[in-house]
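Residues per chain, in single letters:
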Amino acid sequence: MSNVQVITGEKAYNGDDVAAWVKSLGSRDYHVVSVFGSQSTGKSTLLNALFGTNFATMNEGSRQQTTKGIWLASALENKLLVMDVEGTDGRERGDDQDFERKAALFSLAISEVLVVNMWETQVGLFHGANMALLKTVFDVDLQIFGSARTRSCLLFVLRDHLGTTPLDSLAQTLTADLDKMWAELSKPDGLKDAKLADFFDLQFAGLGHKVLTPDKFDNDVRDLRQRFEAGLIKTEYARDVPLDGFPAYASQIWQVILENKDLDLPSQQLLLSQYRCGEITTEALLVFRDAQSDFGDVENMEDLGQKSRTAMQLALRHFDEHASRYQQTIYEKQRGELQAQIAAALEVLFEKRAAVLRNMYLEEFLAAANTFGVSADFVQELVKTRAAVFQKFADKLADASYQGSREDAKFEQALDRAQDEVRARLLQRYTDDLVKSASKKLESIIAHGLDADDPTWSKVMPRVEEEIAKQKQAHGETLKQLDAVDPNVLGPRLQEVVKDRLAEETSNRLLVPRMRLLFEEKFKYKDGLPVVWQAGDDIDKAFASAKDGTFRSLENLCECDGETLIDEERHAEIVASVRRFADTAYIEAKRSAVSSIARVPPWFYVLLLLLGWNELVAVLRSPMTFLLIAFCGLVGWAVYIMNLAGPLEQIGRSALGTGWRIAQDKLRQVLEPGQPPIEMHEMHEMKKHK
């Protein structure tokens, strides 16, 4: 497409065609030149000769309007956009100058160089040189731009210049007319002293007659083209509108002009930058999503970070390529927003991968920690394992992040919690082992102390406290080194062990047999040997002494360090049980003493020998019978010599009594189901009598 109509003769903006035409040019830097002048003065012919365009030109056989509206073509390898504007003062529009003003204003707003095409003979004329229209345009231009106006170039091309009047003289005349016209303008506040040169650079060129002096015309056109190529268009004229944004920019300008609104070109450029940067942002996001669609299973992707960075770079490169030519503030702001959107999308993917890594390395840490044994250096091993696992996690996390190395508070917190739990568990096991080992020693001390002849807590507890202090001194420093939450926990734990052991030792189950045994030691033994009661022994005194000593020891065990271990009710039960046992022992002692008094008379043995002589002879004749009798005699002699008759009798009586009670219990259970055993029944009866 060589040319495109931008504005139709009916004042309509041809947006679709302009956009397609600009797209065909690609992306490049460009400048805009437009031509302005009366109808049928050869404007299109000038542009075709000057820039090699192919705008429609007037048929020599008829004088009528050729260019309708505003047309656009490209030149100088698409670096120059040339705009051919409908001529002014045409008979087709008559007195309707609305389109002329709007087209002139549009050309001035869009173009960097405005070529004013006029005949040499029109110099010095007001209407013939379009001064009236220029005055109107300048007036509106001041209202539009004010002090913020971008400089432009007004290039006056004098057609059919014969050379009779020098070009410099003609230029001075035009400059004087323009300055006078500028001085007569009603300028806004702040620009009262502004001059034409503050806003416009004036350039002049003369062209020979195209028909009469064609060679001179061609030479003049060539010289003018070289001026364009040599830098007639300065960088300060640039409108800072990228080529792909030109259609939208031109549309906005024309719409404002068409609606007779105040035309604020800087604001229009800002809006264009916002609009185009927004569109390019959408395109860049599509580029990112296309790259993201190739990621696959991000939860198990080892190189998620590299792929994320590549996708972000592709999107940002696309944005930079197309948006960096718009206003810098808008470009940077939109780029930051684009980067934030991409980062948010990547953060979602990163979090999925990070969650998998957290679980994986947390399990690895726990698996390694669970292999630790209970030792004094397990905390150091735990810290080393945590550091190793965290480093592996950090390396994998860096591979998953588009930002590279980064911190992860969630994993650190989870790892800290896991480490604290493992350390607490291992410390608990370590402490339990210490308590278990120390408990055996403490229990032995307590049991040994209670087995003494006169057990009292005042003798037992100092040794207990000494052992606790010894354990605390031996292991307290180690617990501090192991970062125990309470390094003094060993003392209270051992105190609890002692308390539990005291409660166990003073329970009826253990204390009643212990008190019975203590009574037996005091009553039935002397200097470690059993006592054989004889006639004349003071059994009552010994009984009372043993019983009082036993009950005194019981009284001493009721309280320990101000704490009651045996209450009155339990004390009464224990006393009753021990008293029954003591009474039984007392009766047995009395019986033993009585049995030792009963003596067989000597004459009874003589009578026994006479009456049993025949049997004695028969026994002597039978070796087996003799040996049996001899063995029994030796046993009886030994019992007599060692004074064991009483103890043996007591043991026999006790065994028979126990067997008799068991038989009674069994018979009672058969005849009277649900009744308590005899011993429990007797205790109940004793309580009731008390």
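Participant: What am I meant to see in the overall build of the protein chain here?
Facilitator: For the protein chain, the helix and strand inventory stands at 22 helices and 11 strands. Put simply, the protein chain has 690 residues, and 41% of those count as buried. Taking as baseline every contact in the protein chain between residues at least 6 positions apart, the subset at least 24 positions apart corresponds to 74%. Of the roughly 37600 Å² of accessible surface on the protein chain, 53% is carried by carbon and sulfur atoms.

Participant: Please clarify how the packing of aromatic side chains should be interpreted in this entry.
Facilitator: Geometrically, a pair of aromatic rings is defined through the distance of the ring centres and the angle of the planes. Here the structure, examined in full by the defined rule, presents 12 aromatic pairs. Note on Phe-106 and Trp-254: the rings are 5.6 Å apart at their centroids and 90 degrees apart in plane angle, and the pair reads as edge-to-face. With Phe-106 in helix H3 (residues 98–110) and Trp-254 in helix H7 (residues 246–258), this pair connects stretches of sequence that are 148 residues apart. Neither Phe-106 nor Trp-254 differs from the other in exposure class; each is buried. Where Phe-519 meets Phe-543, the ring centres are 5.9 Å apart and the plane angle is 85 degrees; that geometry is what we call edge-to-face. Note that Phe-519 is positioned in helix H15 (residues 508–523) and Phe-543 in helix H16 (residues 539–556), a separation of 24 residues in sequence. The exposure classification of Phe-519 matches that of Phe-543, with both residues buried.

Participant: Could you clarify how one ought to interpret the pattern of salt bridges in this entry?
Facilitator: Where charged atoms of side chains with opposite charge meet at close range, the side chains can pair. Evaluated as defined, the whole model comprises 13 salt bridges. With its nearest N and O atoms 2.1 Å apart, the salt bridge here joins Arg-509 to Glu-504. Owing to a relative accessible area of 57%, Arg-509 belongs among the exposed residues under this scheme. Residue classification places Glu-504 among the partly exposed residues on the basis of a relative accessible area of 29%. Salt bridges linked by common partners bring Arg-151, Asp-201, Lys-234 and Glu-236 together as one network.

Participant: Help me out: how do you make sense of the pairing of strand S5 (residues 113–119) in this one?
Facilitator: Regular strands have side chains that alternate between both faces of the sheet. For S5, a buried count of six out of seven residues is recorded, marking the element as mostly surrounded by other parts of the structure. Relative to S5, strand S2 (residues 31–37) runs parallel, the two sharing five bridges. Note that in S5 the partner of Val-35 across the bridge is Val-115. Taken together, the seven bridges between S5 and strand S6 (residues 152–159) define a ladder with parallel strand orientation. The residue of S6 that forms the bridge with Val-115 is Leu-155.

Participant: Any chance you could explain the sheet that holds S6 here in plain terms?
Facilitator: Either a parallel or an antiparallel arrangement is found when strands of a sheet pair, and the pairing is made through backbone hydrogen bonds. The seven strands are arranged S1-S3-S4-S2-S5-S6-S7 in an open sheet whose pairing can be described as mixed. What marks the edges here is a single partner per strand, and that holds for strand S1 (3–7) and strand S7 (200–206). Between one strand and the next, the sheet's axes are offset by a mean angle of 25 degrees, whatever the strand orientation. In this sheet, strand S4 (residues 80–85) lies alongside strand S3 (residues 70–75) in antiparallel orientation, the contact comprising six bridges. Bridge pairing in S4 places Trp-71 opposite Asp-84. The strands touched by helix H1 (residues 15–25) within the sheet are S1, S3 and S4, with S1 carrying the most contacts at an inclination of about 140 degrees. Contacts between helix H2 (residues 43–51) and the sheet are confined to S2, S3, S4, S5 and S6, with S4 contributing the most and set at about 165 degrees to the helix.

Participant: Looking at this structure, how should I read the packing of helix H10 (residues 328–369) against helix H12 (residues 409–450)?
Facilitator: Helix-helix packing is described using two parameters, namely the angle between the two axes and the distance between the axes. Contact pair H10 / H12: the axes reach a minimum separation of 10 Å and the direction vectors enclose 15 degrees. The orientation of H10 relative to H12 falls into the category roughly parallel. In terms of crossing hand, the pair formed by H10 and H12 is right-handed. For the pair H10 and H12, contact is made by Glu-351, Arg-358, Tyr-361, Leu-362, Phe-365, Leu-366 and Ala-369 and by Lys-410, Phe-411, Ala-414, Leu-415, Ala-418, Gln-419 and Val-422, respectively.

Participant: Looking at this model, I keep getting lost on the environment of Gln-255. Mind explaining?
Facilitator: As for its position among the elements, Gln-255 is in helix H7. Judged by its relative accessible area of 39%, Gln-255 is partly exposed. For Gln-255 and Tyr-13, which are 242 residues apart along the polypeptide, the C-alpha to C-alpha distance reads 8.2 Å.

Participant: For this particular structure, what's the right way to read H1?
Facilitator: The α-helix advances 3.6 residues per turn, and as a result positions three or four apart in sequence lie on the same side. For H1, the complete set of buried residues consists of Val-18, Trp-21, Val-22 and Leu-25. In a view along the axis of H1, the buried residues occupy a sector of 95 degrees, so they form one face of it. Residues of H1 that are exposed and point over 90 degrees away from its buried face: Asp-16, Lys-23 and Ser-24. Turning to H1, the residues buried within the fold contact S1, S3, S4 and H7.

Participant: I tried to follow unusual backbone geometry on my own but got confused; where do I start?
Facilitator: Among all residues except glycine, the phi angle is most often negative; among peptide bonds, the trans geometry is most common. In this structure, Asp-160 is a non-glycine residue whose phi angle is positive, near 55 degrees. Here Asp-160 shows up in the loop between S6 and helix H5 (167–183). Phi at Asp-561 takes a positive value of approximately 55 degrees, unusual for a residue other than glycine. Mapped onto the secondary structure, Asp-561 falls in the loop between strand S10 (559–560) and strand S11 (563–564).

Participant: Got a minute to help me understand the side chain of Arg-570 in this structure?
Facilitator: Residue position: Arg-570 is located in helix H17 (residues 568–597). In contact with Arg-570, other than residues within four places in its own chain, are Thr-506, Ser-507, Asn-508 and Leu-565.

Participant: What should I look at first to understand the pairing of S1 in this one?
Facilitator: Taken across its five residues, S1 has five buried, putting it largely inside the fold. Note that S1 and S3 share four bridges and pair antiparallel. Residue Ile-7 lies in a different strand from S3, and its bridge partner there is Ile-70.

Participant: I keep staring at H15 and nothing clicks. Help me out?
Facilitator: An ideal rise of 1.5 Å per residue puts 22 Å on 16 residues; H15 measures up with 22 Å between its terminal C-alpha atoms. All of the buried residues along H15 are Leu-511, Val-512, Arg-514, Met-515, Leu-518, Phe-519 and Phe-523. Projected onto a plane normal to the axis of H15, the buried residues spread over an arc of 165 degrees and lie on a single side.

Participant: Sorry if this is basic, but what is going on with the nonpolar core here?
Facilitator: One recurring pattern in soluble globular proteins: nonpolar side chains tend to sit buried together. Of all hydrophobic cores here, the largest spans 42 residues; its most connected members are Phe-295, Phe-319, Leu-338, Ile-342 and Leu-346. Among the elements of the structure, helix H8 (265–292), helix H9 (304–323), H10, helix H11 (378–400) and H12 are those that each provide at least two residues to this core. The element contributing the most residues to this core is H10, with 14 residues. Ignoring sequence-local partners within four residues, the contact set of Leu-338 consists of Thr-281, Ala-284, Leu-285, Ala-315, Leu-316 and Phe-319. Of all hydrophobic cores here, the second largest spans 32 residues; its members include Leu-442, Leu-490, Val-512 and Ile-566.

Conventions and cut-offs
- Residues numbered from 1 in each chain as written.
- Predicted model: local features only at pLDDT ≥ 70, side-chain atom pairs only at ≥ 80, totals over all residues.
- Heavy atoms only, no water.
- Helix = DSSP H or I, 4+ residues; strand = E, 2+ residues; numbered from the N terminus.
- Buried < 20%, exposed > 50% of the residue type's maximum accessible area, 1.4 Å probe, protein only.
- Contact = heavy atoms within 4.5 Å.
- Areas by Shrake-Rupley, 256 points an atom, 1.4 Å probe, with all protein chains shown as cover.
- Phe/Tyr/Trp six-rings, centres within 6.5 Å; stacked < 30°, edge-to-face > 60°.
- Salt bridge = Lys/Arg side-chain N within 4 Å of Asp/Glu carboxyl O.
- Pairing = 2+ DSSP bridges.
- Axes fitted to C-alpha atoms, helices over the stretch in contact; angles between N-to-C directions.
- Parallel < 35°, antiparallel > 145°, perpendicular 65-115°, else oblique.
- Left-handed = near helix turned anticlockwise from the far one by under 90°.
- Arc of directions from axis to C-beta.
- Expected span 1.5 Å × (residues − 1).
- Core = buried A, V, L, I, M, F, W, Y, C linked by side-chain atoms within 4.5 Å.

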